[in-house]
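# Coordinate inspection notes
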Amino acid sequence: MARLGHEFARPELLIRALTHGSIASVTRPDNQRLEFLGDRVLGLVMAEALFTADTAASEGQLARATMRWCAERPAPRWPASCPWATC
């Protein structure tokens, strides 16, 4: 983990987070459960940002804004120069 310049308290979680299902095994679980959790955290952050950005918006307006935001913005692609892109 020295390449990242950070000392992880639980490095096994980093390895799991970076393990795609296609290379998972009994001794190396995939990232799907962590991905599920991350999606929910991101959803909460987005909901809070929309909620505070427009205090007059109704629940329906906030829901539509969330759907639009998710549909219009693709997930980021890490450039190959990022140290974690080659882990």
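About the criteria used
- Residues numbered from 1 in each chain as written.
- Predicted model: local features only at pLDDT ≥ 70, side-chain atom pairs only at ≥ 80, totals over all residues.
- Heavy atoms only, no water.
- Patch = residues over 30% accessible without salt bridge, like charges linked within 9 Å, V, L, I, M, F, W, Y side chains within 5 Å.
- Areas by Shrake-Rupley, 256 points an atom, 1.4 Å probe, with all protein chains shown as cover.
- Salt bridge = Lys/Arg side-chain N within 4 Å of Asp/Glu carboxyl O.
- Helix = DSSP H or I, 4+ residues; strand = E, 2+ residues; numbered from the N terminus.
- Buried < 20%, exposed > 50% of the residue type's maximum accessible area, 1.4 Å probe, protein only.
- pLDDT = per-residue confidence, 0-100.

Taken together, the side chains of F36, L37, V41 and V45 define a hydrophobic patch exposed on the protein surface, amounting to about 390 Å² of accessible area. Secondary-structure assignment places V45 in helix α2 (residues 32–53).

Bringing the environment of I15 into the picture now. Looking at the secondary structure, you find I15 in helix α1 (residues 11–17). The exposure class of I15 is partly exposed, given its relative accessible area of 40%. Expressed as a C-alpha distance, the spacing of I15 and P29, which sit 14 residues apart in the sequence, is 9.1 Å.

What follows concerns the confidence of the model for the protein. Note that predicted coordinates carrying low pLDDT should not be read in detail. Summing up the model confidence of the protein, the mean pLDDT is 83 and the portion of residues at 70 or higher is 80%. Predicted confidence in the protein is weakest over helix α3 (residues 59–72), with a mean pLDDT of 84, and strongest over α2, with 90.

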